[in-house]
Amino acid sequence: MLSAGTREIGSDGMDVKMKALTKLKDELATKYGADSVMFTNEIPVRPVVSSGALALDFATGIGGFPSDRVIEVAGQEGSGKSSLGLITMANFLDAQPDRGAIILDTEHKLTASWVEQLVGKERMERVILLWPDSMEQATDMYVKAVSSGEISFVMLDSIGGSPSQRVMTKSAEIGNIGGNALAVTRFAQLASIYSQKYHCLCYGVNQTREDLAGYHRMITPGGRAWKHACVLRIQLKRGQGKIEKKIDGEDIPIGYEVIAKIAKNQLAPPGRTAFYWFFNVNTDGEHPFGIDQLDEIIRLGITTKVIKQGGAWYNHMALPEGKIQGREALIALVREDKALQQTLVSEIKAVLAEGGEVANLVAPMTNPEEDLGDEVSFNTANIHMGGAGEESSMAEA
């Protein structure tokens with residue numbers, strides 16, 4: 001037996017200690033499964049998937065959502081939590097076309113029409129809807145589905161609206177004391193394990209509650225175990241901007257700003273706050289249904305100076321003759337040219353990756369421990385509210 005430094009080399013030329021470790025690893029893998037045993041240099045690095053909002057992807061610090069962890073999206077009623085989940089689900093189905101998705105609708109509220117508009121009719125064939133009677137049953141359903149390896153995305157809707165078996169089987173006076181947190185704790189513990197082991201994102205929808213102590217904290221139901229399980233906790237809130245359209249003689253709200261704050265982040269620094277526009281009414285193609293990605297491309301393109309603005313002229317080498325006059329003309333061109341969209345998105349991401357002042361314009365840093373304030377302003381252009389508007393001058397940049 002020869003010695004090479006501190007290593008012992010056997011007659012077969014292999015490191016004796018390494019051979020013993022490999023044998024132990026193989027024995028453990030045989031008993032407990034290959035997915036449960038590996039060397040640390042074999043830990044899989046799995047790709048992130050876009051949330052559907054370019055600014056929110058940047059705010060997470062990793063370019064989107066992790067594909068094998070537990071995350072929480074919380075907010076007041078009507079802030080777009082479930083809608084963001086459905087849009088993210090569509091992106092997961094596209095990223096992993098050989099796998100499906102699960103909706104655990106503990107509130108029994110979801111409608112087929114809403115799913116179709118945000119996920120798409122063809123993708124719906126790969127989405128299984130589960131209506132559990134209790135949080136405990138939802139946990140069993142989750143374990144069964146995710147351990148099959150066939151599921152890439154699970155949306156639990158919702159944490160705060162999930163009844164426990166105690167609520168179902170006992171009187172309200174007894175059943176409502178601590179029952180939800182106990183049931184959610186079991187779900188959280190298993191979701192952390194199964195999400196990573198079987199490469200599945202668990203997207204938990206939750207509600208925010210009033211901080212009665214007055215400290216302006218983000219308060220959510222579900223107990224501490226759920227908060228501990230989440231690697232990302234995102235708070236959504238409607239912004240001040242809204243758009244109305246006259247339909248059948250009435251002014252109907254059709255779109256609104258959504259402010260998203262990263263309250264907890266174990267993958268990058270927390271605290272960044274971003275916004276995007278969401279349209280919840282069909283407008284015959286005038287506006288997109290869901291997140292307005294066109295606004296994001298143009299707004300962030302101008303903010304990052306990927307698109308350079310001078311007066312009424314917009315300059316970029318991929319534009320016809322390198323420039324175009326007028327905001328509406330720019331919007332129309334970008335809307336129709338998918339290749340141009342991809343070019344602009346790639347360049348915007350590259351600029352944001354460099355950080356600096358532009359990063360704070362797109363997604364400013366705030367105190368992650370504080371509740372998302374009622375007034376959040378962004379000094380960036382957007383095609384709906386006319387921010388960073390065109391100057392009266394018609395001079396070229």
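All values derive from a computational prediction rather than experimental measurement.

(A) Expanded view of the overall build of the protein chain. Of regular secondary structure, the protein chain possesses 13 helices and 14 strands. Taken across its 397 residues, the protein chain has 47% of its residues classed as buried. Sequence separation of 24 or more characterises 69% of the internal contacts of the protein chain that already satisfy a separation of 6 or more. For the protein chain, the computed accessible surface area is about 20100 Å², with 52% contributed by carbon and sulfur atoms.

(B) Region of the structure containing the side chain of S83. Its location among the elements puts S83 in helix α3 (residues 81-95). Leave out the neighbours within four places in its chain, and S83 touches W114, L118 and F278.

(C) Here's a closer look at the sheet that holds strand β3 (residues 70-75). Strand order in this open sheet of nine strands is β5-β4-β6-β7-β3-β8-β9-β10-β11, and the pairing throughout is mixed. Each edge of the open sheet carries a strand with a single partner, namely β5 (127-130) and β11 (290-291). Bridging between β3 and strand β8 (residues 232-247) involves five bridges; their strand directions are parallel. Directly across from I71, in β8, lies its bridge partner L232. Across the sheet, α3 is in contact with β3, β4 (100-105), β5, β6 (151-157), β7 (201-207), β8, β10 (273-279) and β11; its angle to β6 comes to roughly 175°.

(D) Spotlight on the pairing of β4. Summarising burial for β4: six of the six residues are buried, a large majority. Both faces of β4 are covered, namely the face carrying G100, I102 and L104 and the face carrying A101, I103 and D105. With six bridges joining them, β4 and β6 adopt parallel strand pairing. Paired with D105 across the strands is D157, a residue of β6. Bridging between β4 and β5 involves four bridges; their strand directions are parallel.

(E) Representation of the packing of aromatic side chains within the structure. If you walk through the whole model with that rule in mind, you get nine aromatic pairs. Here the aromatic rings of F153 and Y203 are separated by 5.9 Å at their centres, their planes lie at 35°, and the arrangement is tilted. Taken together, the residues F153 in strand β6 and Y203 in strand β7 connect sequence positions 50 residues apart. The residues F153 and Y203 share a single accessibility class, namely buried. With a centroid separation of 6.4 Å and an interplanar angle of 25°, the aromatic rings of W277 and F279 are classed as stacked.

(F) Highlighting the nonpolar core. Among the nonpolar cores identified, the biggest contains 61 residues, and L56, L86, M89 and Y203 are the most heavily contacted of them. In terms of residue count, α3 provides more of this core than any other element does, six residues in total. Those residues within four positions of M89 in sequence are excluded, and the remaining contacts are A101, I102, I103, V119, V127, F153 and M155. Of all hydrophobic cores here, the second largest spans 25 residues; its members include I102, L130, C200 and C202.

(G) Looking closely at the pairing of strand β9 (residues 250-265). Within β9, 12 of the 16 residues are buried, leaving the element largely enclosed by the surrounding structure. In this structure, β8 lies alongside β9, joined through 13 bridges in antiparallel fashion. In the strand pairing of β9, K246 is matched with D251. Between the end of β8 and the start of β9, which pair antiparallel, lie two residues, with D248 showing a positive phi angle near 55°. As judged from the seven bridges shared by β9 and β10, these two strands associate in the antiparallel manner. Among the inter-strand pairings, E257 is bridged to a residue of β10, identified as W277.

(H) Focus on the side chain of T303. Tracing the sequence through the fold places T303 in helix α10 (residues 293-303). Looking at T303, its side chain comes within polar contact range of the main-chain oxygen of R299, at 2.7 Å.

(I) Here's a closer look at the sheet that holds strand β13 (residues 313-315). Spatial strand order, β12-β13-β14: three strands in an open sheet with antiparallel pairing. In the strand order of this sheet, the two ends are held by β12 (308-310) and β14 (323-325), each with one partner. For this sheet the average axis-to-axis angle between neighbouring strands, irrespective of direction, equals 20°. Relative to β14, β13 is paired through three bridges, and the arrangement is antiparallel. Along β14, the bridge assignment pairs Y314 with I324.

Calculation criteria
- Residues numbered from 1 in each chain as written.
- Predicted model: local features only at pLDDT ≥ 70, side-chain atom pairs only at ≥ 80, totals over all residues.
- Heavy atoms only, no water.
- Helix = DSSP H or I, 4+ residues; strand = E, 2+ residues; numbered from the N terminus.
- Buried < 20%, exposed > 50% of the residue type's maximum accessible area, 1.4 Å probe, protein only.
- Contact = heavy atoms within 4.5 Å.
- Areas by Shrake-Rupley, 256 points an atom, 1.4 Å probe, with all protein chains shown as cover.
- Pairing = 2+ DSSP bridges.
- Axes fitted to C-alpha atoms, helices over the stretch in contact; angles between N-to-C directions.
- Phe/Tyr/Trp six-rings, centres within 6.5 Å; stacked < 30°, edge-to-face > 60°.
- Core = buried A, V, L, I, M, F, W, Y, C linked by side-chain atoms within 4.5 Å.
- Polar contact = N/O pair within 3.5 Å; in protein donor to acceptor, adjacent residues only side chain to side chain.

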